[in-house]
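Residue strings, one per chain:
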Amino acid sequence: MNLQLRHSLAWQMIGPIPLMVIAAIAAIWFIVPRKIADNATDQAVLAGRSIATQFKTLREYYTENVVDKIVTEGTFKVLSDHKGDAKAIPLPATMILDLSAMLAKQNTAISLYSKLPFPNRENRLLDSFQQEAWDFLTRNPQETYSRQEILDGKQVVRVAVADVMAVQACVDCHNSIAGSPKKDWKLGDVRGVLEITSIIDAELANGAALSRHIIGGAILVGLGLLGIALLVAGSVTRPIEALIGAMQKVAAGNFETVFPGLGRKDEIGRLAVGFNHMVSQLGAAREREVADRARTATMQAELTRVARLTTMGRLAASMAHEINQPLAAIVANGNAGLRWLARTSPNFDEARVALDQIVKEGHRASDIIEGIRAVFRKGEERRTTVDVNELIGEVLLLTRAEIQNERISVRTELLNNLPKVVGDRIQLQLVFRNLIVNAVEAMNSVTDRERVLHIKSAIMPSGVRVTVTDFGTGIDQDSKDRIFDTFFTTKSHGMGMGLSICRSIVEAHGGKLSASRSHPYGSIFEIDLPAAKMDDR
């Protein structure tokens, strides 16, 4: 069987029905005929016991009210062979045998036999059932002995009960008759066995016919259930297949897909409504994702530009500091020259003009350097209240590519309800980004241990502390005291401006940036920033 079909909803709904029908037919085939046969046997046993009771009651009445009176009056005789004598009536046992012959036409036979027979029945042989019945009933005269068997090609039920000496007239008669095999009969003795044999072929045939009818009905019911199941399965699986097709279109990126079944009032309709709502939410999420990507790209570009401009600004400041000293000396020397020349009377106009030009050019050089700094400066600082945890999250998003490329595991312990700080959001992003990128680069050569970037925020008495810890090579002792110096770097491609700029930004915000070696390996950078006051918020 096809694996997909076997696991389909339609197969799960329809498949059990044929199996159940087959199981039901098998159960009916094996159970019903046996139950019918058992029931026929039980009914035959009950009927046999009832007939035996009736015949015993009839014989008792016949013995007490007919035979006893006739024998006492003396006009008639009581004989077993009564049919040839007009003055004879049948013995009670003979009456039972005569009635049995009459009932034989109704598929019921009654026989009376004994292991203590009269002389005229001494040659009668008992079969196995009769032998067993006599043995059982002589020990248990109140019980019934029965068995189902085949006689003359017919299914019969043989029921045997004890023929007990029930009235004194029977006892007296049997003790007085010359041919009686026993002379000491008393009430309660088992005189013989009364057997009722019933043919149950008709009942068994009716049972077999009933079984066939039941099996046929079960087949018809099974076919009906199968047809209903096919209709129900089709009404369920077809809409579900349509929903699956619509979901595949959504998975391919078509968020304008219209889901079938939206007008239905059943579970399929509710499912379609749920899917439609989910897709609308996915579409909105996709739009937000696109917007977030655009915003992240903008922030990344802004942060990169700020980093570049801040570095260039710091570089320009350092260059200005270095150049302004010789320029100041030029200006000072030029002024001194002018003063010395001013004391002479010779015509030194041209010299005075030259010295004056030196002074002008010196001032002009200073103005040019200041202009370069102005070019790299983007307006005034914009201070506002900042959520440090949120800022860290943004920077981690911006640096996600570097972190993933270096297979770095990020662990954050960001304290809830952290106080906000006041500062320039872009500048503080630059600080965190620089520290995170430095930590990532410090671990790019680590191969013998896990690469972990651990960022933690906490509340300090002075405000907020952010700790950035890496599992890299660490800070050596010689570099510990110079790591924040301008132009000092341990990187082959570095300018030595990053950490210097970070410290300057943190200190400009009233905070502190420090570094130390982590044990057993790695580095720890701690940033302390003052919490915003109520007036600042």
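Residues numbered from 1 in each chain as written. Predicted model: local features only at pLDDT ≥ 70, side-chain atom pairs only at ≥ 80, totals over all residues. Heavy atoms only, no water.

### Concerning the overall build of the protein
Item 1. Along the backbone of the protein there are 14 helices and 13 strands.
Item 2. Taking all contacts inside the protein whose residues are at least 6 apart in sequence as the whole, residues at least 24 apart take part in 67%.
Item 3. Approximately 31,900 Å² of the protein is accessible, and the part contributed by carbon and sulfur atoms is 57%. (Helix = DSSP H or I, 4+ residues; strand = E, 2+ residues; numbered from the N terminus. Contact = heavy atoms within 4.5 Å. Areas by Shrake-Rupley, 256 points an atom, 1.4 Å probe, with all protein chains shown as cover.)

### Here we look at a nonpolar patch on the surface
Item 1. The grouping of V221, L225, I228 and V232 at the surface amounts to a nonpolar patch, some 340 Å² of accessible area in total.
Item 2. Residue position: V221 is located in helix α7 (residues 201-251). (Patch = residues over 30% accessible without salt bridge, like charges linked within 9 Å, V, L, I, M, F, W, Y side chains within 5 Å. Salt bridge = Lys/Arg side-chain N within 4 Å of Asp/Glu carboxyl O.)

### Considerations on the sheet that holds strand β8 (residues 409-414)
Item 1. Overall, mixed pairing links the 5 strands, which are arranged β8-β10-β11-β13-β12 in an open sheet. Edge strands, defined here as strands with exactly one partner in the open sheet, are β8 and β12 (512-517). Across the sheet, the axes of successive neighbouring strands diverge by a mean angle of 15°, strand direction being ignored.
Item 2. Sheet analysis places β12 next to strand β13 (residues 523-530), joined by 6 bridges and oriented antiparallel. In the strand pairing of β13, S514 is matched with E526.
Item 3. Sheet strands in contact with helix α10 (residues 388-398) are β8, β10 (452-460) and β11 (463-470), and its direction is about 170° off that of β8. (Pairing = 2+ DSSP bridges. Axes fitted to C-alpha atoms, helices over the stretch in contact; angles between N-to-C directions.)

### Let's talk about the environment of P92
Item 1. Here P92 shows up in helix α4 (residues 92-103).
Item 2. The class of P92 is buried, set by a relative accessible area of 12%.
Item 3. In this structure, the C-alpha to C-alpha distance between P92 and R59, residues 33 residues apart in sequence, is 5.8 Å.
Item 4. Beyond its immediate sequence surroundings of up to four residues, P92 is in contact with R59, Y62, T63 and V67. (Buried < 20%, exposed > 50% of the residue type's maximum accessible area, 1.4 Å probe, protein only.)

### With respect to the pattern of salt bridges
Item 1. According to the stated counting rule, one finds 16 salt bridges in the structure shown.
Item 2. Between E195 and R158 there is a salt bridge, with its nearest N and O atoms 2.6 Å apart. On the criterion of sequence distance, the pair formed by E195 in strand β6 (residues 190-199) and R158 in strand β5 (residues 154-164) is long-range, its members being 37 residues apart.
Item 3. For E195, a relative accessible area of 2% translates into the label buried.
Item 4. Accessibility expressed as a relative area gives 3% for R158, which makes it buried.
Item 5. By sharing partners, the salt bridges in this structure join D127, E132, R147, E149, R158 and E195 into a single network.

### Brief notes about the pairing of β5
Item 1. With 8 of its 11 residues buried, β5 lies for the most part within the structure.
Item 2. Pairing between strand β4 (residues 144-151) and β5: 8 bridges, direction antiparallel. By the bridge assignment for β5, E149 is matched with V156.
Item 3. Here β4 folds back onto β5 in antiparallel fashion, the turn holding 2 residues, of which D152 has a positive phi close to 55°.

### What about the sheet that holds β6?
Item 1. Strand order in the open sheet made by the 4 strands is β3-β6-β5-β4, with antiparallel pairing throughout. Each end of this open sheet is capped by a strand with a single partner; those strands are β3 (108-113) and β4. Ignoring strand direction, the axes of neighbouring strands in this sheet form an average angle of 20°.
Item 2. Pairing geometry for β3 and β6, over 6 bridges, is antiparallel. Along β6, the bridge assignment pairs S111 with E195.

### Looking at the environment of E394
Item 1. With respect to the helices and strands, E394 occurs in helix α10.
Item 2. Residues E394 and R433, spaced 39 residues apart in sequence, show a C-alpha to C-alpha distance of 9.6 Å.
Item 3. In contact with E394, not counting residues within four places along its chain, are R295, M299, R425 and Q429.
Item 4. Within the structure, E394 has its side chain in polar contact with the side chain of R425 (distance 2.8 Å). (Polar contact = N/O pair within 3.5 Å; in protein donor to acceptor, adjacent residues only side chain to side chain.)

### Let's talk about a negative patch on the surface
Item 1. Together, E60, E64, D68 and D172 make up a region of like negative charge exposed at the surface.
Item 2. No other element matches the 3 residues that helix α3 (residues 16-73) contributes to the negative patch. (Lys, Arg positive; Asp, Glu negative; His and termini not counted. Charge placed at Lys NZ, Arg CZ, Asp CG, Glu CD.)

### Here we look at the side chain of S518
Item 1. The residue S518 is located in the loop between β12 and β13 in this model.
Item 2. Here S518 is in contact with T469, S523 and I524, once residues within four sequence places are set aside.

### Re empty space enclosed by the protein
Item 1. This model, assessed by the stated rule, comprises 1 cavity of 30 Å³ or more.
Item 2. Volume-wise, the largest cavity comes out at about 30 Å³.
Item 3. Lining the largest cavity are F55, K56, R59, I96, L112, D163 and L194.
Item 4. Residues of the lining of the largest cavity, tallied by class, amount to 4 nonpolar, no polar and 3 charged. (1 Å grid on protein atoms, 1.4 Å probe; cavity = no way out; pocket = protein on both sides within 12 Å on 5 of 7 lines; lining within 4 Å. Points joined across faces, edges and corners; volume = space filled by probe spheres on them. Nonpolar A, V, L, I, M, F, W, Y, C, P; charged D, E, K, R; others polar.)

### A look at helix α5 (residues 128-139)
Item 1. Its 12 residues give α5 an end-to-end C-alpha distance of 17 Å, which sits within 8% of 16 Å, the value for a rise of 1.5 Å per residue.
Item 2. Regarding α5, the residues found buried are F129, Q130, A133, W134 and L137. Angular distribution of buried residues about the axis of α5 spans 130°; they occupy a single face of the element.
Item 3. Contacts made by the buried residues of α5 are with β3, β4, β5 and β6.
Item 4. Its side-chain oxygen placed 3.3 Å from the backbone nitrogen of F129, D127 serves as the N-cap of α5. (Expected span 1.5 Å × (residues − 1). Arc of directions from axis to C-beta.)

### Regarding the environment of A169
Item 1. On the secondary structure map, A169 appears in helix α6 (residues 168-176).
Item 2. With a relative accessible area of 21%, A169 lands in the partly exposed category.
Item 3. Residues A169 and T63, 106 residues apart in the sequence, show an inter-C-alpha distance of 7.1 Å.

Interpretation in functional terms is not warranted from these geometric data alone.
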